[in-house]
Amino acid sequence: MPCLHAGAQESMEPDAETPGTASTATAGSFRSETVSEPPMVRGTGWFFTPQWSPRSKNRAGRFGDGLRSEQVEAWLDDHSDFTRDYFLRRTSAVSGAQSPLPRLPRSTSDHTDMLRPAPHRRSSSPPTDTHLNISTLMDRLKPLASNPEWEDPFSPDVLGRHSPFSPRSSRFSFSPCRPLSPICSPDLPDSPHPPPLPAESGAACGRGECCLWATELLRGGLGRMGSVAELCRGAALHAGELLTAECCSLSLVKKDCGGKSTLEEVVAPTALGLRSEVDLWSRPHPSLVKGVMGCVLAAGSPVKLRDASEDPRFDIEDFESSQIRNVLSVPIKNHTREMVGVVLMINKRNDCDGSVSGFTDVDEKVLFDHMDVLGMVLDNAQLYESSRQEAKRSQALLEMAQVLSKEHLSFEVLLSKMAATIMPFTHAQYCTIFIPSEQTSAVEHQAEFSRVIHLECEELGSTCQIYRRERDVGDLDPSNALKTLVCKKTLNMSDGSEESINSVICCPVRNEMSENVIAVCQLTNKRNRDSDEVEAFNRYDQRLLEDLALYCGLALQYAQAVQITEERRASIEVTQEVLAYHITAAEQEIQALQEAAIPTVESLQLLNFHFSDFGLPEETTTQATVRMFLDLNLVQDFNIDYKVTDVLMCFVHPHLSPLLVGAVTDLSSAVHSYTSLSFQSLCQWVLTVRRGYRNNVPYHNWNHALSTAQSMFAMLMATERLQSIFSRLEILALMIATLSHDLDHRGYSNSYIERSQQPLAQLYGHSSLERHHYNLCLFILNNTGSQILSGLSAEDHRAVLHMIKRAILATDLTVHMERREEFFSLTKKSRVSWKSEKKRDLLRSMLMTASDLSAITKPWPEQKRIANLVTMEFFAQGDKEKKEFKIKPIDIMNREKSTRLPYMQVEYINDICYPLYKAVSRLFDTCSPLLRGCRKNRENWIHFGETAEGNNCDNSCCITASTHQNEEVETQEMEE
């Protein structure tokens, strides 16, 4: 639609009639008109029209009731003749004579009439001062139209292809954006029409039929708007020129973490027109600007003051009151009507004599309309600028993460590379990292820094070179860093006191665990990319600096963690050296075992399942261990056969040449030396394992380890089939595992260790004791002089260690209960193939548990003695649980339930021991003595429970119930 003439006022007659022919055409065309594409911006029907009034809006609301406003506007566009005649008659009621308006062409391809100047124009036009030339501003906005003289910027073709914000031309009605000062012509004081615009006037907004600033803004695209600050400055200057204001200012709304809205100044109070900046605006008026803008922000409505000095809400100095007369401030809202900023205009001037006049309602409407356009674009511009800044920030974070992930020669080098990463993004000239001393005080004058890392950036054209300068703390000014160190907050001090420092921002580097400030990062002198002038650091620079501080904190923690790790590693090595010294047997003991005559298995009764180590001297127990390794041929199979000399010497014949005899003798001596060394390793290993058990533990000590190893030895020697199922490496692993399976046992269960949060539980988690036993076994095997596996290949060495670990972990009854059903189902098969490693691992695990629990199969006196030792351990643990955790221990560990020991033993046999030995005996009948011993001890415990003195009735009932259960089990076995 054509814009209304600027001279026409807002008193449109409501009673004018439309010609009949036009009315008839109107009815028919209006019903058939449809809008195929909804507008992107709604509610801006009389856009940039100062003559819009509520009365005309109401009239428009009644016009075509039941139809949409878009349809009305579209119809008016398609019937331009009627529209032209209608508005000519309406304006004539006010002006007294009809002012010819430019004829709106029907075709969108021909708009030359609209581009011609209108016959009647205001005499007033914006000043064309060189530094505030609107044409210069529009050139900076880079319009896409290459030839504005022939191409209509508001045609649908142009708008549709240039901007995502551009609606149909029929949705926007733009009035001429010319200065709206009162018409004051001395020649025509009472003329209702403005004088024609001088032909030599070059103000774009004063001559065109539309606002070129809005045109270029809407169709220019986000990439052509520049920064948000440039966009806001252009809007404020343009609106100030239209309103002929002396000064303008603009601030944007900023929300803090708590959701509170504050104003951030984007366009400082700037002088407009011919007004000299040194006259009034050389110094700002914060009391007025902040006060008025604050009222607009709080109320969300405009503030218009005809005399600012008389308003009690604002405290204005006398000098200011003589210069500042009237003020107009309106909110800037986005498309969701949320306030995003506030604009302020001061002192509207009269174009005729330069005197100050008041802002009118038309001025307020014009300013509102322009700020609506700005708000609509500003939301997207801020989002666009934020996305660009976030992209840069993400790139900086990625580069800092890459720097952090690499190894560096020193901590200073790491911090230097991280600081050099963000300097190109923030355009800072200097970056300094202050590291405080260890004894830093919380008071500013007492705090001090121990060292600094200083970097300088030198720009070389489009690139920059960053250097690290060696600086002492005394060479730099640490005052800003000290303030940050004390207050522990980011400080942005844009106005430095020194001439060489104009902008400074400091950020503390915190330790995320202790929240202590461990360093301060400082950026100095942000250089403008275009003018190379120093400017203030913005919030994006602050975020990047805070990111750097975060990564510096991670780097500091990483460096400290590496240092602590190295120190602890050294401490562990020292501890291992001390442990190896104290756990290793004395040289005299090793030599005595080497030279001792090892008793036979018959004299030691090692082949008997009823073997008991009770009463054996300690040296005899170690000799028995060596004998088991010898009789299993493990010493010979793993290159420690000390009888090889005799085998070689049998080949020496009297008729052989002396040279051959000498060769055989030398070979025998070499083998004897190697065998002696290996045999010494076996003796040292056995003695060291014995010293690895604690003597103050009643049951889980060296005697229990020897008994477990003897049970495994007896099963292997009694069952040739087992030796054929297992390889020699598996047998070696089983013997090492049985002797080492309870190393350094403390006499407490895994549940107690986990509940008391001992270091073992924190180190290993589940199966804490068994994993500790294996690790100590591995430590002894790697100890100098005890390396009995040194003769194995690398592959065999890894395999045997894996089997040892699996075997030791299998002694955890929790693991046993999880796997035994698989083993029981396997034993019920008529024939089992043991070629699978999985099945052999299962068999090794079950044999480990059978050896570990073999005390239940010993003769009754030995079984009763061992039960008392186990009870001592359990009761000691129950006493500690009762004292430390204030809980009632389970019955087997409760000293108050000692009279129920027979019942608990019978329950233990029925639930765990008897099913296991029954399954093993089913596979290997040579192991049936274990089953018979277990069954015999069950009967003994039942008999003991029935005849023991002090048994109560409840215990007798339990024993009787167990007796019936045992009879049912035996009956079922006989049937099977």
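Residues numbered from 1 in each chain as written. Predicted model: local features only at pLDDT ≥ 70, side-chain atom pairs only at ≥ 80, totals over all residues. Heavy atoms only, no water.

Now for the overall build of the protein chain. Along the backbone of the protein chain there are 35 helices and 13 strands. Per-residue burial over the protein chain gives 48% buried out of 976 residues. Of the contacts formed within the protein chain by residues at least 6 apart in sequence, a portion of 70% connects residues at least 24 apart. (Helix = DSSP H or I, 4+ residues; strand = E, 2+ residues; numbered from the N terminus. Buried < 20%, exposed > 50% of the residue type's maximum accessible area, 1.4 Å probe, protein only. Contact = heavy atoms within 4.5 Å.)

With 23 residues, helix α33 (residues 901–923) ought to run about 33 Å at 1.5 Å a step, and its terminal C-alpha atoms sit 32 Å apart, in line with that. Of all the bends found along α33, the most pronounced is centred on isoleucine 909 and spans about 45°. Taken across its 23 residues, α33 has 17 buried, putting it largely inside the fold. (Expected span 1.5 Å × (residues − 1). Bend = angle between axes of the 7 residues up to and from the residue.)

Here the focus is unusual backbone geometry. Phi at lysine 488 takes a positive value of approximately 60°, unusual for a residue other than glycine. If you trace the backbone, lysine 488 turns up in the loop between α15 (479–487) and β10 (491–493). Its relative accessible area of 37% is what places lysine 488 among the partly exposed residues.

The relative placement of two aromatic rings is captured by the distance of their centres and the angle of their planes. Within the structure shown, the criterion is met by 9 aromatic pairs. With a centroid separation of 5.1 Å and an interplanar angle of 45°, the aromatic rings of phenylalanine 434 and phenylalanine 449 are classed as tilted. Taken together, the residues phenylalanine 434 in strand β7 (residues 428–436) and phenylalanine 449 in strand β8 (residues 449–460) connect sequence positions 15 residues apart. Classification of phenylalanine 434 by relative accessible area gives buried; the value is 0%. Here tryptophan 860 and phenylalanine 944 contribute two aromatic rings whose centre-to-centre distance is 6.4 Å and whose plane-to-plane angle is 55°, an arrangement assigned as tilted. Here tryptophan 860 is found in helix α32 (residues 860–884), whereas its partner phenylalanine 944 is found in helix α34 (residues 928–947), with 84 residues between them in sequence. The class for phenylalanine 944 is partly exposed, based on a relative accessible area of 28%. Counting every residue linked through ring pairs, the aromatic cluster contains Tyr748, Tyr752 and Phe885. (Phe/Tyr/Trp six-rings, centres within 6.5 Å; stacked < 30°, edge-to-face > 60°.)

This part is about the nonpolar core. Formed by 96 residues in total, the largest nonpolar core has its most connected members in Phe629, Trp685, Met735, Ile736 and Ile804. Setting aside residues no more than four positions away along its own chain, phenylalanine 629 makes contact with Leu634, Val635, Leu682, Trp685, Leu732, Met735, Ile736 and Leu739. Ranked by size, the runner-up nonpolar core spans 36 residues in total, among them Ile332, Val340, Val373 and Met376. (Core = buried A, V, L, I, M, F, W, Y, C linked by side-chain atoms within 4.5 Å.)

Direction vectors running N to C along helix α28 (residues 768–781) and helix α29 (residues 794–809) enclose 145°, while the axes themselves pass 9 Å from each other. You can see that α28 and α29 cross each other, and the crossing is right-handed. Here α28 contributes Glu770, Arg771, His773, Tyr774, Cys777, Leu778 and Leu781 to the contact with α29, which in turn contributes Leu801, Ile804, Lys805, Ile808 and Leu809. In terms of residue class, the contact of α28 with α29 is built from 8 nonpolar, 1 polar and 3 charged. (Axes fitted to C-alpha atoms, helices over the stretch in contact; angles between N-to-C directions. Left-handed = near helix turned anticlockwise from the far one by under 90°. Nonpolar A, V, L, I, M, F, W, Y, C, P; charged D, E, K, R; others polar.)

This part is about the pattern of salt bridges. Two side chains that carry opposite charge are able to pair once their charged atoms sit near each other. All chains considered together, the criterion is met by 34 salt bridges. Among the salt bridges present, the one from arginine 895 reaches aspartate 879, with a minimum N-O distance of 2.5 Å. With a gap of 16 residues between them, arginine 895 in the loop between α32 and α33 and aspartate 879 in helix α32 connect regions that are remote in the sequence. (Salt bridge = Lys/Arg side-chain N within 4 Å of Asp/Glu carboxyl O.)

Moving on to the packing of helix α10 (residues 228–242) against helix α13 (residues 361–405). Think of two packed helices as two axes; the pair is described by the angle between the axes and how far apart they sit. One way to put it is that α10 packs onto α13 with a least axis distance of 10 Å and a crossing angle of 175°. Classified by the angle their axes make, α10 and α13 are roughly antiparallel. Contacts between α10 and α13 involve Val228, Leu231, Cys232, Ala235, His238, Ala239 and Leu242 from the first element and Val366, Leu367, His370, Met371, Leu374, Val377, Leu378, Ala381, Gln382 and Glu385 from the second. Grouping the amino acids of the contact of α10 with α13 by side-chain chemistry returns 13 nonpolar, 3 polar and 1 charged. (Parallel < 35°, antiparallel > 145°, perpendicular 65-115°, else oblique.)

Here we come to the pairing of strand β12 (residues 517–527). With 10 of 11 residues buried, β12 is to be regarded as a mostly interior element. Sheet analysis places β7 next to β12, joined by 6 bridges and oriented antiparallel. Across the sheet, threonine 432 pairs through a bridge with glutamine 522, a residue of β12. In this structure, strand β11 (residues 504–510) lies alongside β12, joined through 7 bridges in antiparallel fashion. Bridge assignment links arginine 510 to a residue of β12, and that residue is valine 517. Between the antiparallel neighbours β11 and β12 lie 6 residues, among them glutamate 515 with a positive phi of about 65°. (Pairing = 2+ DSSP bridges.)

Turning our eyes to something else, we now look at the environment of valine 413. As for its placement among the helices and strands, valine 413 is situated in helix α14 (residues 411–426). Residues valine 413 and arginine 468, 55 residues apart in the sequence, show an inter-C-alpha distance of 9.7 Å.

Examined against the element boundaries, threonine 484 turns out to sit in helix α15. Sequence-distant contacts of threonine 484, defined by excluding residues within four places in its chain, comprise Lys489, Leu491, Cys506, Cys507, Pro508 and Val520.

Glancing now at the state of the cysteines. Within the structure shown, the criterion is met by 0 disulfides. Here cysteine 247 is not disulfide-linked; the sulfur of cysteine 248 is the nearest cysteine sulfur, at 6.0 Å. (Disulfide = S-S within 2.5 Å.)

The next thing to look at is the environment of glycine 692. For glycine 692, the location among the structural elements is in the loop between α22 (658–691) and α23 (702–718). Spatially, the C-alpha atoms of glycine 692 and aspartate 742 are 9.2 Å apart, while their sequence positions differ by 50 residues. When near neighbours in sequence (up to four residues on either side) are disregarded, glycine 692 contacts Ile583, Leu743, Asp744 and Leu776.

In this structure, leucine 809 sits in helix α29. Considering only alpha carbons, one finds leucine 809 and histidine 741, 68 residues apart in sequence, at a separation of 8.2 Å. Dropping the residues within four chain positions of it, leucine 809 is found in contact with Glu770, Arg771 and Val815.

Counting through the fold element by element, serine 251 comes out in strand β1 (residues 245–255). Residue contacts for serine 251: discarding those within four places in its chain leaves Leu263, Glu264, Glu265, Val266, Met293, Gly341 and Val342.

For β11, the tally of buried residues reaches 6 of 7 residues, placing the bulk of the element in the interior. As defined by bridge partners, β10 adjoins β11 across 3 bridges and the pair is classed as antiparallel. Paired with asparagine 492 across the strands is isoleucine 505, a residue of β11.

With 66% of its residues at a pLDDT of at least 70, the protein chain reaches an overall mean of 74. A low-confidence stretch, residues 667–677 (pLDDT under 50), is modelled with 12 contacts involving residues beyond four sequence positions or located in other chains. Contacts for the low-pLDDT stretch residues 953–964, under 50 throughout, to residues beyond four places or in other chains number 16 contacts. (pLDDT = per-residue confidence, 0-100.)

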